[in-house]
Amino acid sequence: MTTSPEPQAVAERELCGLVNGLAQQIAVHVRERAVTLGLTAAQATALREMTGPMTMRELAERMSCEPSNATFIVDKLEKQGLIERRAHPTDRRAKQLVLTPEGTTLRDRLLELLVQDSPLAALDAEQQRTLQQLLEQAIVRS
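Caption draft 1: A look at the pattern of salt bridges. Going through the model one piece at a time under the given rule, you end up with 7 salt bridges. With its nearest N and O atoms 2.3 Å apart, the salt bridge here joins Arg85 to Glu78. Judged by relative accessible area, which is 28%, Arg85 ranks as partly exposed. Residue Glu112 is joined to Arg109 by a salt bridge in which the shortest nitrogen-to-oxygen separation is 3.1 Å. Pair noted here: Glu112 and Arg109 are both in helix H5 (residues 101–115), with a separation of 3 residues, about one helical turn. Exposure remark for Glu112: the relative accessible area of 43% places this residue in the partly exposed category. We classify Arg109 as partly exposed; its relative accessible area is 36%. Several salt bridges converge on common partners, so that one network encompasses Asp75, Glu78 and Arg85.

Listed below in structure tokens is the structure:
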């Protein structure tokens, strides 16, 4: 006699629903904070991910989008004087994205806003680390 996959399927469906719900809450949170700074959610995500000089491809990976989408977003941020493209120090075919001083100031303000009332704020630091580890494990398996 084989056991029914139903209980496992129900548990997986419920877990997927929770992960999706959290992702939606985070997206709303980012969008609401971005608007207060005159940014779109995509622009805020790009600024959040700009932890240092990086290529367009690296930024796109961090944003989980196609490089062409990242290029569109960076073009807007560049027009606003928040990001500039510079020659890559080791790859003459590539450009490096760098925050301007204004971009750094805005990014710092954005990071302050993102931690305020974050959907993850209900978890203490250890719980957040545990959640991160579990999600990393689940993602690596796929």
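Caption draft 2: Structural detail: the side chain of Arg33. The residue Arg33 is located in helix H1 (residues 6–36) in this model. On the basis of relative accessible area, Arg33 is assigned to the buried category, the value being 14%. At 3.4 Å, the side chain of Arg33 forms a polar contact with the side chain of Glu32. Arg33 has contacts with Leu113, Leu114, Gln116 and Asp117, leaving out every residue within four places of it along the chain.

Here is what the cut-offs are and how they apply
- Residues numbered from 1 in each chain as written.
- Predicted model: local features only at pLDDT ≥ 70, side-chain atom pairs only at ≥ 80, totals over all residues.
- Heavy atoms only, no water.
- Salt bridge = Lys/Arg side-chain N within 4 Å of Asp/Glu carboxyl O.
- Buried < 20%, exposed > 50% of the residue type's maximum accessible area, 1.4 Å probe, protein only.
- Helix = DSSP H or I, 4+ residues; strand = E, 2+ residues; numbered from the N terminus.
- Polar contact = N/O pair within 3.5 Å; in protein donor to acceptor, adjacent residues only side chain to side chain.
- Contact = heavy atoms within 4.5 Å.

Nothing here speaks to function; it is all geometry.
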